[in-house]
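Listed here are the chains, written in short residue letters.
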Amino acid sequence: MDEHFDAVVIGAGAGGESVAWRLAGRGKRVALIERSLIGGECTYWACIPSKTLLHPVGVRAEARRGYGTGDVAIDWEAVSAYRDYMTRDWDDSRQVREYQEMGVAVFKTEARIEGPGVVIAGETELRTRNIVVATGGDPFVPPIEGLAESGHWGTHEVTSMKRVPESVAVVGGGPASIELGQMLARYGSAVALITRQSRLFANEDIRVGDMLADALEADGVGLRFGAQVRRVSRTAGGKRLELDDGSTVEAAELLVATGKRARVSGYGLETLGIENAERGIPIDEHGRAGEGVWAVGDVTGVAMLTHVAKYQGRLVADGIVGEERTLDYRAVPRVVFSDPEIAFVGVSAEEAARKEMDVVASTVEMSSLGRPYIQERDARGFLTLVADANTRAIVGATAVAPLSGEWIHLAALAVREGISAESLFETIIQFPTYSEAYISAAEELRRPPSPRRRS
């Protein structure tokens, strides 16, 4: 068989779905190829299940920090059952049916590109004017002696676990390690987090890493900084990790969460002239990887974030129908769903200094506001705004506080639109909210720069 389509989308994660759904809604004939589950990593093994598991123990922690409240019982069976509901019991049959009802041809199989405009899905040859590569990423597993033989968990295993292990060694110091390590500790695991970094978020404001380290240790997470795992072996009770300083860590389970790499092998990208794409398929400012070829999501290596994949998908769908727009990554919010939450957008003061940017910064403590004390007895966290020293346009923000993943978006809008500290200061913000911190920070930044002396 061979069939003709306006677009063939390879991969049905967040980016691929964004493209397919939008094109189908505009009357285009679309083929969607997915070898696993439609919805991808985020829906079944990452964002949705991890945040679903994080929430109940977050509620308990909030109750413990509150006033007039006490402990909250956690029913693991009920929690895991709701996790299964949220992941649709790892069944995408409803999604397949919904796409088919929209007129999308769904192929649950491997895909291989045979050349420009030609994709093989199972035994079917698909011809198209537009190939969209949305194949996602694979976990990066460091080359540790004995790791393959001893076995380990990745994010798939931990977010779908049927029981909470007695103890877990977590290798990695990024957002996934932090979120999952804190979550496991709050469900009762003895957790050791091992990272090569000298501190958490070593490239950011030192307060970010210090506050988070304090929070993790308060939850019982043991932090091992500046350490690397040299060898892993099995024991009667689980795993033994030998570190480069000569010490050992033993745990029932080993979770390796050391990032992802673009999934580019085995798809025939070379037939389109795309070579050496291990760090991601290069795309232009419109999402094109070549004539009639587009790429979205983790496979581009731009930012392995679901919201970036969706954003790229929206713009690529527009480009395919002739409404070309330009990708702009200046204002990508980045949130770590730890407790407290950590949110970034744009450049931090530390990054600006490394880039020799002329900026000014202002920090507001959450303890100066009302809402944090309504949320809990001891107000935690801060907001830092960064602005261009001359124009006072907002160029970045860092927030460490409860719910910061919700209210970082005012800063994201300011960065994208070049909103000045003066305009932000003049904005009327609801009282009492965490977002009031923007008023205090902007008030400091709106002040004109001091006159410079002539040399």
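Everything discussed here concerns the structure shown above.
Everything numeric in this text was worked out from a predicted model, so none of it was measured. (Residues numbered from 1 in each chain as written. Predicted model: local features only at pLDDT ≥ 70, side-chain atom pairs only at ≥ 80, totals over all residues. Heavy atoms only, no water.)

**Q** Kindly report on the overall build of the chain, identifying the contributing residues and their values.
**A** The secondary structure content of the chain amounts to 16 helices and 24 strands. For a compact globule of 455 residues, the expected C-alpha radius of gyration is about 23 Å, and the chain comes in at 24 Å, within 12% of that figure. Over its C-alpha atoms, taken along the principal directions, the chain stretches across nearly 65 × 65 × 45 Å. Here the chain, with 455 residues, has 51% of them falling under the buried criterion. Total accessible area on the chain is roughly 21200 Å²; 48% of this is exposed by carbon and sulfur atoms. (Helix = DSSP H or I, 4+ residues; strand = E, 2+ residues; numbered from the N terminus. Rg over C-alpha atoms; globule rule 2.2 N^0.38 Å. Buried < 20%, exposed > 50% of the residue type's maximum accessible area, 1.4 Å probe, protein only. Areas by Shrake-Rupley, 256 points an atom, 1.4 Å probe, with all protein chains shown as cover.)

**Q** Outline helix α9 (residues 206-218), listing residues and values.
**A** The end-to-end C-alpha distance of α9, which contains 13 residues, comes to 18 Å, matching closely the 18 Å that a straight helix rising 1.5 Å per residue would cover. If you follow the buried residues of α9, they end up packed against α8 (175-186), β12 (222-224), β21 (342-346), β23 (382-388) and β24 (394-400). One side-chain oxygen of the residue at the start of α9 lies 2.8 Å from the amide nitrogen of Arg-207, identifying that residue as Asp-205. Phi turns positive one or two residues past the end of α9, at Gly-220, with a value near 95°. (Expected span 1.5 Å × (residues − 1). Contact = heavy atoms within 4.5 Å. Polar contact = N/O pair within 3.5 Å; in protein donor to acceptor, adjacent residues only side chain to side chain.)

**Q** Requested: an account of the sheet that holds strand β8 (residues 131-133), with residues and values cited.
**A** Taken in spatial order, the 6 strands line up as β4-β3-β2-β8-β19-β18 in an open sheet, and their pairing is mixed. Here the strands that pair on one side only, and so sit at the sheet edges, are β4 (105-107) and β18 (288-290). In this sheet, adjacent strand axes meet at a mean angle of 25° when their direction is disregarded. Strands β2 (7-10), β3 (30-33) and β8 of the sheet are contacted by helix α1 (residues 14-25), whose axis makes an angle of about 160° with β3. (Pairing = 2+ DSSP bridges. Axes fitted to C-alpha atoms, helices over the stretch in contact; angles between N-to-C directions.)

**Q** Give a description of the side chain of Glu-179 that names residues and reports values.
**A** Checked against the element boundaries, Glu-179 lands in helix α8. On the basis of relative accessibility, which here comes to 6%, the residue Glu-179 falls in the buried class. In contact with Glu-179, not counting residues within four places along its chain, are Ser-50, Lys-51, Leu-54, Val-335, Val-336, Phe-337 and Ser-338.

**Q** Give me the pairing of β23: which residues, what numbers.
**A** Within β23, 6 of the 7 residues are buried, leaving the element largely enclosed by the surrounding structure. Bridging between β23 and β24 involves 6 bridges; their strand directions are antiparallel. Looking across to β24, one finds that Phe-382 is bridged to Val-400. In this antiparallel pair of consecutive strands, β23 and β24, the connection spans 5 residues, and Arg-392 shows a positive phi of 65°.

**Q** Go over the nonpolar core with me, naming the residues and quoting the values.
**A** Within the largest apolar cluster, 32 residues are counted, with the highest numbers of intra-cluster contacts made by Met-183, Leu-184, Phe-201, Leu-255 and Ile-342. Top contributing element to this core by residue count: α8, with 5 residues. Leaving out residues up to four positions away in the same chain, Leu-184 has contacts with Val-158, Met-161, Pro-165, Val-168, Ser-189, Val-191 and Leu-255. (Core = buried A, V, L, I, M, F, W, Y, C linked by side-chain atoms within 4.5 Å.)

**Q** Residues and numbers for the packing of α1 against helix α10 (residues 306-320), please.
**A** It is the contact of α1 with α10, at a shortest axis distance of 7 Å, that shows an interaxial angle of 30°. Considering how the two elements wind past one another, α1 and α10 form a crossing that is right-handed. Counting all contacts with α1, which are made through Ala-14, Gly-15, Ser-18, Val-19, Arg-22 and Leu-23, the residues of α10 involved are Thr-306, Ala-309, Lys-310, Gly-313, Arg-314, Val-316, Ala-317 and Ile-320. (Left-handed = near helix turned anticlockwise from the far one by under 90°.)

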